[in-house]
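Given next are the chains, with one letter for each unit.
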There are 2 protein chains.
Amino acid sequence: MVEYKDTDEDLSLILKAASDPTRRALLTMLVQQGPTRVTDLAANFDLSLNSVSKHIRILETAKLVERKTIGRTHLISANLAPINLIDQWFNNLRSIWDLRLDKLDSLLTKETDDD
Amino acid sequence: MVEYKDTDEDLSLILKAASDPTRRALLTMLVQQGPTRVTDLAANFDLSLNSVSKHIRILETAKLVERKTIGRTHLISANLAPINLIDQWFNNLRSIWDLRLDKLDSLLTKETDDD
DNA sequence: CCAATATTCAACCCTTTGGGTGAATAAAAT
DNA sequence: ATTTTATTCACCCAAAGGGTTGAATATTGG
């Protein structure tokens, strides 16, 4: 049976957070504009402020954004660092892939040697 | 207002497909073992065959796996190509980020020149 | 103190998702 | 021809997602 490591949970959160187009758009805006208030972010969407607030919370849980609260205004800023976890996952997959192809290759070479 | 491009839909599918740990485990197995039958994949999980079959369908929709049907057996194989879309998205974000930092930097430099 | 502003909390609605079971289909084996 | 094997289809269910509205909270401005 396959068990899931705890680090996988972070990756799941990040991928799920990134899988929604509204949240990706939010991230893009933040990356372009730097720290931005929730209200100003929401102004760009045809969505209630509440909805945008929830999306931000989800990005925050995945640590893709950070919040700096100054009085009543919450400044949200992007944090791209966690995306490296995706990269790691992908690179790991690729290396496993390459490993298998190497084995296949040496098998074929052996057969050729046997000729 | 922000509108969403059609290519974004592919990216959403890929990220959502990848966001589930069972599906990532399936991908890993496929990358390790090469083309594998649905039943053999399912044997590694404490899940019904049906459930695994559904996960595979989702991966297939995201084009992260391919299916080759030979008689009654369906051989599933990994296809890592779509993950490059994630990479592209990320690199795009980073370049936007760098652009903004450059602008900030030149602003600060200007101010220094004014001294 | 009072009004306006910025944001979240709480409740509610659909729709989607991830799981299950049992039947259907199709191919292989006996 | 019948049974076994491989897989999906059709439902069902509980939980999670993404959206809404209205109230609550907290801070700022007059």
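Rules used in this analysis
Residues numbered from 1 in each chain as written. Chains lettered and ligands numbered in written order. Predicted model: local features only at pLDDT ≥ 70, side-chain atom pairs only at ≥ 80, totals over all residues. Heavy atoms only, no water. Near = heavy atom within 4 Å. Polar contact = N/O pair within 3.5 Å; in protein donor to acceptor, adjacent residues only side chain to side chain. Helix = DSSP H or I, 4+ residues; strand = E, 2+ residues; numbered from the N terminus. Nonpolar A, V, L, I, M, F, W, Y, C, P; charged D, E, K, R; others polar. Contact = heavy atoms within 4.5 Å. Buried area = accessible area lost by both parts, 1.4 Å probe. Salt bridge = Lys/Arg side-chain N within 4 Å of Asp/Glu carboxyl O.

Peer 1: Looking at this structure, how should I read the protein's contact with DNA strand C?
Peer 2: A:Thr39, A:Ser53, A:Arg67, B:Asn50 and B:His55 are the nearest of the 22 residues found near DNA strand C. The separation between a base oxygen of DNA strand C and a polar side-chain atom of B:Lys54 is 2.8 Å. Residue B:Arg72 places a side-chain N or O atom 3.1 Å away from a sugar or linking oxygen belonging to DNA strand C. Where the surface near DNA strand C is concerned, the elements lending two or more residues are α3 (38–42), α4 (49–61) and β3 (73–78) of chain A together with α4 (49–61) of chain B. Along the lines of polarity and charge, the residues of the surface near DNA strand C split into 4 nonpolar, 10 polar and 8 charged.

Peer 1: Please clarify how the interface of chain B and chain A should be interpreted in this entry.
Peer 2: Note on interface size: it is often stated as the accessible area lost on association of the parts. Listed per partner, the contact involves 39 residues of chain B and 38 residues of chain A. Taken together, both faces of the contact between chain B and chain A bury some 3500 Å²; the carbon and sulfur share is 70%. Linking chain B with chain A are 2 salt bridges, by the criterion used here. Between B:Asp8 and A:Arg24 there is a salt bridge, with the nearest N and O atoms lying 3.4 Å from each other. The interface formed by chain B and chain A includes 8 residue pairs in polar contact (both at pLDDT 80 or more). Put simply, the parts of the chain that give the side of chain B that touches chain A at least two residues each are α1 (7–18), α2 (21–33) and α5 (83–114) of chain B. Split into classes, the residues belonging to the side of chain B that touches chain A amount to 23 nonpolar, 9 polar and 7 charged.

Peer 1: I would appreciate a short explanation of the protein's contact with DNA strand D in the present structure.
Peer 2: Inspection of the region around DNA strand D gives 23 residues, with A:Asn50, A:His55, B:Thr39, B:Ser53 and B:Arg67 positioned closest. Here the atoms of DNA strand D within 4 Å of the protein split so that 65% fall in sugar or phosphate, with bases taking the remainder. A distance of 3.5 Å separates a phosphate oxygen of DNA strand D from a polar atom in the side chain of A:Asp20. At 3.0 Å from a base oxygen of DNA strand D is found a side-chain nitrogen or oxygen belonging to A:Arg72. Counting only elements with at least two residues in the surface near DNA strand D, the list comes to α4 of chain A together with α3 (38–42), α4 and β3 (73–78) of chain B. Considering each element in turn, the surface near DNA strand D owes the most residues, 5 residues, to α4(A).

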